[in-house]
Structures are given as structure tokens and as C-alpha cells.
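These are the residues of each chain, in order.
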Amino acid sequence: MRLPKAISIPKKPSKTLFELSALENIVDLLKAGLSLSQSLNLLGSYDDIFVGNIIKRMQKGENAKEVFGDFLPRNIRSYYEALISYLSFGDALELAINTFKKERSLKEQLIKDIISGIIVAIIALPLSIALAIASGVGPEQGLYTAIIAGFFISFFGGSRVQIGGPTAAFVVIIYGIVEQYGTDGLIVATILAGIILVIMGICRFGSLIKYIPYTITTGFTCGIAVTLFVGQLKDFFGLEIASVPSEFLNKVIAYVQNISTINLTSTIIGVVAIIIMLFWPKVTDKIPGSLIAIIITTAIVYFAKLPVNTIGSVYGELNSAFPTFHAPALSMKLVQEMISPAFTI
């Protein structure tokens, strides 16, 4: 007699999981039309220990339902005993096993979500500071945005696997808005962008994305990558520039004109961070390389007292208090000027 295709002989990852797999095989054989004795005899040829124990106990006159219940995990035995009173033996056993697997899956998923949340938070907070500085605002604004916006994205998101975090793609857009209109202009542009997104969602404009050529998407992404790369050269080389222009070419010209102010120590620290991020995935992929790079380079700079600019030396001590409420100075002129940036966002 052959086993049905749906049945696989389990390996032994653990005693509990192995026994559950064996019980699932018995349920599958019962559903395939075999009797309990036929199922046990068939599986006994593959596992003479577990199935043999069941057969020995049944030969002593013990009730089959009680014998199988003893092999279930304790947290679902009472559930199985309640099911067996009004369901068939096979159905009750199958439902009890599926319930245990579901609870186990939810517990494992919760643990994974907590660990993932901690890792994302550790990465997102320093990243939000870096992107805030690159966008032309203070590091506090980056922290506030990452925490508050990240919470609302996850809390009100439409998917249980949705994530939210700092996005480097907006640095170029935000930097131009902040430099020309200040933070009030950025707040107004963000509100208008939200209104536009709601209108687009109601009108189902999302389906129009399929008409945008792929080359435009990749070209836009590559352009942002180049712009961000150039924007980080000042801090990477430790150049002393009072005010960095927002335009791409003017920024490059400013770097060239101030190349004599390069800080070799800062450059070496930057190179070390890049090397760590490139080679750390070969060690393990459980911990992000960027996190390790931050920890190691920060420790080197701190304990060696190296002459490298830090967030504290440039911006002073970060304010640990909650931000105070601030309403932007609204005007019809500002709203009209922010319509175009809002569409860009």
C-alpha cells in the first residue's frame, strides 16, 4: 500500500513537532479512507517507536481517543477533549492540531515582529537624524517625524505587514522647500500633499501608475541616488563650508573650491563605515551592517577623541522634551506657492 501524495514522512526537528507531524499523517490517512488500524500499521513501518507506543497502549485496552489526546501539547488537550464529544475522532484531532499550529505561528510571529521592531527602531532613529540634517532641518525634527509619523503609519495602515520609516528619496525635494520657504512652507506642502493623495485615492488614480514608463522610474531613482551621494560628500570628507548650495552643480563647485579643508580623519572613519557595511552581511544577516558600522565608528571616535564632527558638536545637545505645538503661518500666497511642491511630494 502506498502513502497518499499529500503525506510526507516527517523528520525529527523536536519531539513535539515530530509527534504532531505523525498525528497529522494519521489524520491524512483517515481522511483518505483507511481505518485507524490500517493507518497505524502503515505508518509503523516508517516510525516503529512513536506509532509502536500508540499500538501497545491500544492493545492494553486503552481508549484510542484518550491515547491520542495524551500525545497532544498540554495547552490544547482540553480543547481536543471538548471537540471529541461532538466531532469524529479524525476531525477533532485535525482541528486541535491546526489550532495549536495557528497559536504557535501567532506567537512566533509576535516574537519576530518585536525583534524586527527593535532593529528597525535602532536603524530608523539615527537614519532619521541623518536625513533630517540632509534635508536642511535639525536632528530633533527627524526624531519627532520618525517616531510620530512611523506610529501613525503602522497604526492606521491598511496592511498588517506595512512598515513606515525615513525615506531618502524626499531629501532633495524637502531641502529645496526648507531652504526657500522654511519649515512653515514644508508643513503646508506636506498637508497639501496629503489632501492630494486622498483625492487621488478616491478617484482611483493609483491604476495610472502602470502607464508610467519603467525607464522614468529607474532614471528618477538613480538621479536621487546621485544627488544624495553628492550631498554627503561634505561630511564624508569633513569639508568646512559655511553654507552648501542646494543646486547640484553649485554644490559640486563649492566642494572643489573648499577641497583644501578636507579632514583626513573624517574620511578614514567614513571609509571604515563603508567597509563594515559591505562585508558585515558575510558574517551574519541577522543584524544590519549599518547598525554595526554606527556602533563601531562611534566608539572609535569617542574613545580615541578624534577630531571628527558629530551631531553633538555641530548641533549641541538634543532636546529630550516633547515638541511644542506650532501652527504654520498660513497665507493664500504661501498655499499657492506650495501647490507645485505638494504635487512633487
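Structure report, in brief. Position labels on residues start from 1 in each chain and follow its written sequence. Predicted model: local features are reported for residues with pLDDT of at least 70 only, side-chain atom pairs are reported and counted for 80 or more only, and whole-chain, interface and lining totals are derived from all residues. Each side-chain value is worked out from all heavy atoms of the structure, with water and hydrogens disregarded.

1. Observations regarding the packing of aromatic side chains
So, step 1. Side-chain rings of Phe, Tyr and Trp (the six-membered ring for Trp) are treated as a pair once their centres are within 6.5 Å; stacked means planes under 30 degrees apart, edge-to-face means over 60, and tilted covers the remaining angles. Overall, the coordinates contain 3 aromatic pairs when judged by the stated rule.
So, step 2. In our convention, an over-ring charge means Lys NZ or Arg CZ found within 6 Å of a ring centre and within 35 degrees of that ring's normal. Its guanidinium or amino end placed over the ring of Y175, K251 lies 5.3 Å from that ring's centre, counting from NZ or CZ.
So, step 3. K305 extends its terminal NZ or CZ atom over the ring of Y302, reaching a point 4.9 Å from the ring centre.

2. Considering helix 12 (residues 264-279)
Residues three or four positions apart in an α-helix share a direction because the helix packs 3.6 residues into each turn.
So, step 1. In DSSP terms, a helix is any run of H or I states spanning at least four residues, a strand is any run of E spanning at least two, and both are numbered starting from the N terminus. Helix span is expected to be 1.5 Å times the residue number reduced by one. Spanning 16 residues, helix 12 covers 23 Å between terminal C-alpha atoms, matching the ideal 22 Å at 1.5 Å per step.
So, step 2. Any pair of residues with heavy atoms lying within 4.5 Å of one another is described as a contacting pair. If you follow the buried residues of helix 12, they end up packed against helix 10 (233-237) and helix 13 (289-304).
So, step 3. Where helix 12 begins, the side chain of N263 points an oxygen toward the backbone nitrogen of T265, at a separation of 3.0 Å. Polar contact criterion, stated in full: a pair of N or O atoms within 3.5 Å, where within protein one must be able to donate a hydrogen and the other to accept it, and residues adjacent in sequence count only if both atoms are side-chain atoms.

3. Some words on helix 15 (residues 332-344)
So, step 1. For helix 15, built from 13 residues, the straight-helix expectation of 18 Å at 1.5 Å per residue is met to within 8% by its first-to-last C-alpha distance of 19 Å.
So, step 2. Whether a residue is buried, partly exposed or exposed follows from its accessible area with a 1.4 Å probe, protein chains only, as a fraction of its type maximum: under 20%, in between, or over 50%, in that order. Taken residue by residue, helix 15 has L334, M338, P341 and A342 as its buried positions.
So, step 3. Buried positions along helix 15 lie against helix 8 (171-202).

4. So, the nonpolar core
So, step 1. Core analysis: the largest hydrophobic core is formed by 14 residues, its most contacted members being I177, V188, L192, M338 and A342.
So, step 2. When contributions to this core are tallied by element, the ones reaching two or more residues are helix 8 and helix 15.
So, step 3. Among the elements that line this core, the one with the most residues is helix 8, at 9 residues.
So, step 4. Ignoring sequence-local partners within four residues, the contact set of I177 consists of G182, G185, L186, A189, M338, P341 and I345.
So, step 5. Here the nonpolar core consists of buried residues drawn from Ala, Val, Leu, Ile, Met, Phe, Trp, Tyr and Cys, with membership extended through side-chain atoms lying within 4.5 Å. V230, L233, L239 and Y255 belong to the second-largest nonpolar core, a separate cluster that totals 6 residues.

5. Looking at the packing of helix 9 (residues 214-231) against helix 11 (residues 248-257)
So, step 1. Across the interface, helix 9 lies against helix 11 with an axial gap of 10 Å and an inter-helix angle of 30°. Of the possible angle classes, the one that applies to helix 9 and helix 11 is roughly parallel. Crossing hand, helix 9 versus helix 11: left-handed. In this structure, helix 9 uses V226, T227, V230 and G231 to contact helix 11, whose residues at the interface are F248, K251, V252 and Y255. To get an axis, a line is fitted to the C-alpha atoms, and for a helix only the part in contact is used. The angle between two axes follows their N-to-C directions and goes from 0 to 180 degrees. We call two directions roughly parallel when the angle between them is under 35 degrees, roughly antiparallel when it is over 145, roughly perpendicular when it lies between 65 and 115, and oblique otherwise. For any pair of crossing helices, the crossing counts as left-handed if the nearer helix is rotated counterclockwise from the farther one by less than a right angle, and right-handed if it is rotated clockwise.

6. Considering the side chain of T297
So, step 1. Its location among the elements puts T297 in helix 13.
So, step 2. For T297, a relative accessible area of 10% gives the class buried.
So, step 3. Separated by 3.4 Å, the side chain of T297 and the backbone oxygen of I294 make a polar contact.
So, step 4. Leave out the neighbours within four places in its chain, and T297 touches I269, V272 and A273.

Geometry only, nothing functional implied.
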